[in-house]
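Here is how the chains run, residue by residue.
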Amino acid sequence: MSQGSFGPVYLGAAPVDIDILQRMKNGQSYIGCIRELQVNNNELSILEEAVRGKNIVNCDVSICDYHPCKNGATCVSDTESWFCECPRLYNGKLCQFSGCEGNPCGHGATCMLKASGDPVCLCPYGRTGVLCDDAVNITLPHFSGMDEFGFTSFLAYSTIQNISFSYEFRLKFTLADRDSATKDNLIFFTGQKGQGLKGDDFLVLGLRNGSVVYSFNLGSGTTVILSEPLDLVLKVHVIHLGRSLKTGWLKVDNQRNKTSTSTGTLMGLNVFSQFYVGGYREYTPELLPNGARFSDGFQGCIYELKVRAGKDRVFRAPGIPEGHPNAGRSVGQCGDAPCSKMNCRNGGTCVEKASTVYCRCAPSWKGAFCMETVTVCDPEHKPPHQCAPGAPCIPLPEGYTCHCPLGTTGIHCKKALNISDSSFRSNESSWMAFNPFNIRHKTHIRLQFLPRSPGGILFYTAQQLSPRSGDFLSIGLVHGFVQLRYNLGDTTVVLQTVKGVDKSGRIWHLVEAGRIGNEGYLALDGVNVTRLASVGMTALDTKTHFFVGGMPNLNDVNAMAVEHEPMGFDGCIREVVINDFELELTKKGAIDGNNVGDCDGTACGYKTCENRGNCSVVSADTISCTCPSLWAGNNCEISVFCLNHQCKGASVCIPDPASASYSCACPLEYAGVHCQHQITLSTAKFTGNSYAKYRDPLYLKRDLRFTSISLNITTSEAEGLVLWMGKAEDEDNDYLAIGISNGHLKVAINLGERVALPFTFHNTSLCCDRWHFVSIHQNQTAIIVQHNGEKILFQDLDPQKRYVALNYGGICYFGGFELPRKVKSITAGLFTRGLEKTEHNHEREKTGAVSQTSGSFEEQALELSKEGKMQAISDSMSGCHQDGQILVPRGLLDYRPRLLLLPLLI
């Protein structure tokens, strides 16, 4: 009826005021480490859930035991230190960065990748070198224009004040060359928004086709002043420009002064951006306003740049403090040669973009200093590899191979492949990966396979991908025998079949393996091996994908999950069912995979023809199914009894081979032999295959710490599920369940981590076709159960109140679950079948809506109807009777709160 409760649990020792310690002889405190604690199948977090303690420190465990390294890196430690050995293309202390993800460049540099994947650091203002670690004092800034990555070198100064109505600029510069430096190059820019919007105010100076271009926009159109072509014999060019109200002027070197006046009535220049010199912060020219766009940045050195604005009579360098930029990129000191400090090896050439410097490697070499050999799979290899996009290229001592993604095949993975029965090859890293789901408390796996070798991984999942993964479960072949191995956090359990498999590649075998808690079982073709439960951990905590046929990296397999070195499976697999959920072994069903072929190379597979139909290949693209005598259809999916059924609308045809006929399972609000009548119900009848699913529209508004359920029920059967309040998607979902077990009322509730066992009330009897009234009230962890007005249970499920809310997801099932979901499987054996009512007359009992008389929370009766978000189906051929009259003709349809099931949810 109930369980006893104990006082506090103490670990290691107990306070001195505990009486029993004073009576214990040789009672010494424990010295050592404890990291996992489980009480009554409930795992407790030792530190987080402890109420009090004393003198507890961290256990001296190697940091590598916590698996800190990422991306398949290897953790190496000794008594004083540890480090991660990173695989190629990863870096960082934990190998957590890939390429530029972790930005190996220093001092805020912009990291870009060369075609080889090697990083290049675009240095910020005041820095130079391969990683921008070297400081550089810039007195005469050198700009390099746009680099191969699409960025310009630039300096950004604070907004220049008081230039709205008048300003003057003086500029002296030298050009890097006579061609690219004068083609289409931005010298300086400031704008209103700089987002390419038409009509933005801006001021810009640049070079185009050998001439100086000065443009400004006051909001009424762009004014352009164009100089004569520059005299490129001059080494230093001097520019003087300005504007007063609407009139602007430009003087270049010894050329005559040019002026132009803005159109419109606007006279003020309203700009708020920083003052950019040499280029722009982002890509040029996309983010510059119309009329201010140049395709490249300035190339050369600027010796002097000064401005005076408004009433200021003195020319000053831009910036605050004067002459100091806010930011910059790839700007060097004029006259410096960063490449003089670079030593590019193996024929590599040094590239310098002002302060940015890197090596451009010769063919067959790569790396920061061109000291690494280019493999045949590297992007820069000539000729490039032929693997299809998305197919990884794997270098070999002689050439390379392509790892084909799911749905592709061929030498270069360029042929499409339809997988009907998956085929794996141990020498080609074959595997499939599937999204995991909860298998924590129980794991039941059914797997059909055809082996071509005596070893290999059939199935694997673990807590993490690492040789020290923590919890794991694996099924594999060892010397021709099937092994099940699992570890729940303490010891590794190993079960091996009595007989071996046929390795010729001609015989399909069936493996059924799994565990409930730490009790395991393994069967090959019906021959069973078991391992009884023992004291220890009972929960399997896995977070990786479910892997079938192998692993992406066999080094990630836990060393205890295999007897020898891990290897992939060689053969075919055509069925994998985990906890009654079948994995779809196809490109569509898997989330990832490599080098998976089709077992016989045809479109015929294990389930191509359903119901044991025989599949035959007609042509390359056509198959044919030869169906058994009772099945028809292109894939033998239709019972011959349903070939010409007359079930109407959304009803479902249910074949009945015993009577060589069929019945119709009617949807909500329809009844009749063929579901042809639309009706309204007041009392719902369930027939074992019926169900009603209710979605609570007020779920998100309810206080889930308080729940009340009240219902009337009558049945003549000794077993059946009446109500399942919960999502029923996962074994650890919260639920509240009511049903009948051996004629007695049975109630089960889970508020989290299975904190309560089911209660079967043997002093109750739900027999004899009489109406019974059942109510359940949950107040956090306190549960009250009443039967026909009598209180039969009052218990606190968890005095510690670890879980206090019933998170049922707003879903209620009545009488069963959707076809073909099985009650026994969904409820983990709590109930074996759906609710059923046989044909009997019932004692008439007038029962109105049940109301709650205590508590201070809102009541809501569930209206089991179409408007109440109810979906239901039944294959019932008759209705519930009351005093010999049919109240509900044929089927489970509408349901109003009047007689049978009347729940109240809070």
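Up top is the structure.
These lines cover the structure that appears in this document, whether it is placed above or below. Bear in mind the structure is a predicted one, so any value in this text is a computation, not a measurement.

Reading the values: the criteria
Residues numbered from 1 in each chain as written. Predicted model: local features only at pLDDT ≥ 70, side-chain atom pairs only at ≥ 80, totals over all residues. Heavy atoms only, no water. Helix = DSSP H or I, 4+ residues; strand = E, 2+ residues; numbered from the N terminus. Areas by Shrake-Rupley, 256 points an atom, 1.4 Å probe, with all protein chains shown as cover. Pairing = 2+ DSSP bridges. Axes fitted to C-alpha atoms, helices over the stretch in contact; angles between N-to-C directions. Buried < 20%, exposed > 50% of the residue type's maximum accessible area, 1.4 Å probe, protein only. Disulfide = S-S within 2.5 Å.

### Quick word on the overall build of the chain
Thinking step 1. Looking only at helices and strands, the chain has 2 helices and 71 strands in total.
Thinking step 2. Accessible surface for the chain amounts to roughly 44,600 Å². Of this, 51% is attributable to carbon and sulfur atoms.

### Overview of the sheet that holds strand β38 (residues 472–478)
Thinking step 1. Pairing in this open sheet of 7 strands is antiparallel, and the strands run β40-β39-β38-β37-β44-β35-β47 from one edge to the other. Each edge of the open sheet carries a strand with a single partner, namely β40 (492–496) and β47 (592–594). Averaged over all pairs of adjacent strands, the angle between their axes in this sheet comes to 10°, without regard to strand direction.

### Considering the sheet that holds strand β20 (residues 258–261)
Thinking step 1. Across the sheet, which stays open at both edges, the 7 strands sit in the order β20-β19-β18-β13-β23-β11-β25 with antiparallel pairing between neighbours. Here the strands that pair on one side only, and so sit at the sheet edges, are β20 and β25 (332–333).
Thinking step 2. Pairing of strand β11 (residues 141–144) with strand β23 (residues 299–309) involves 3 bridges; the strand directions are antiparallel. Within the sheet, the bridge partner assigned to Phe143 lies in β23 and is Gly300.

### Focus on the environment of Lys588
Thinking step 1. Considering the arrangement of structural elements, one finds Lys588 in the loop between β46 (581–582) and β47.
Thinking step 2. By relative accessible area, which is 74% here, Lys588 ends up exposed.
Thinking step 3. Taking the C-alpha atoms as reference, Lys588 lies 8.8 Å from Gly407; in sequence the two are 181 residues apart.

### Things to note about unusual backbone geometry
Trans peptide bonds make up the majority, and among non-glycine residues the majority have a negative phi.
Thinking step 1. In the segment running from Ile320 into Pro321, the intervening peptide bond is cis, with an omega of -5°.
Thinking step 2. Relative to the helices and strands, Pro321 resides in the loop between β23 and β24 (327–329).
Thinking step 3. Within the chain, Cys132 stands out as a residue other than glycine whose phi angle is a positive 60°.
Thinking step 4. Mapped onto the fold, Cys132 is located in the loop between β9 (127–128) and β10 (134–135).
Thinking step 5. The exposure class assigned to Cys132 is buried, which follows from its relative accessible area of 0%.
Thinking step 6. The phi torsion at Cys636 lies on the positive side, around 60°, for a residue other than glycine.
Thinking step 7. Within the fold, Cys636 resides in the loop between β51 (631–632) and β52 (638–639).

### Considerations on the pairing of strand β45 (residues 571–578)
Thinking step 1. Within β45, 7 of the 8 residues are buried, which leaves it mostly tucked inside the rest of the structure.
Thinking step 2. By the bridge criterion, 7 bridges tie strand β36 (residues 442–451) to β45 in an arrangement that is antiparallel. Directly across from Phe449, in β45, lies its bridge partner Ile573.
Thinking step 3. Two elements, β45 and β46, share 2 bridges in a ladder whose sense is antiparallel. Bridge pairing links Val577 to Glu582 in β46.
Thinking step 4. What sits between the antiparallel neighbours β45 and β46 is a turn of 2 residues, in which Asn579 has the positive phi angle 50°.

### A short note on the state of the cysteines
Thinking step 1. Counted by the stated rule, this structure contains 16 disulfides.
Thinking step 2. Paired by a disulfide, Cys339 and Cys350 hold their sulfur atoms 1.9 Å apart. One quick way to see it: the torsion about the S-S bond of Cys339 and Cys350 is about -85°, and its sign makes the bridge left-handed. Here Cys350 lies in strand β26 (residues 349–353) and Cys339 lies in the loop between β25 and β26, a separation of 11 residues in the sequence.
Thinking step 3. The class of Cys350 is partly exposed, set by a relative accessible area of 26%.
Thinking step 4. Note that Cys647 is cross-linked by a disulfide to Cys664, the S-S spacing being 2.0 Å. Around the S-S axis, the bridge from Cys647 to Cys664 shows a dihedral of about -85° and counts as left-handed. Here Cys647, found in the loop between β52 and β53 (652–656), pairs with Cys664, found in strand β54 (residues 661–667); they are 17 residues apart in sequence, far enough to count as distant.
Thinking step 5. For Cys647, a relative accessible area of 10% puts it in the buried group.

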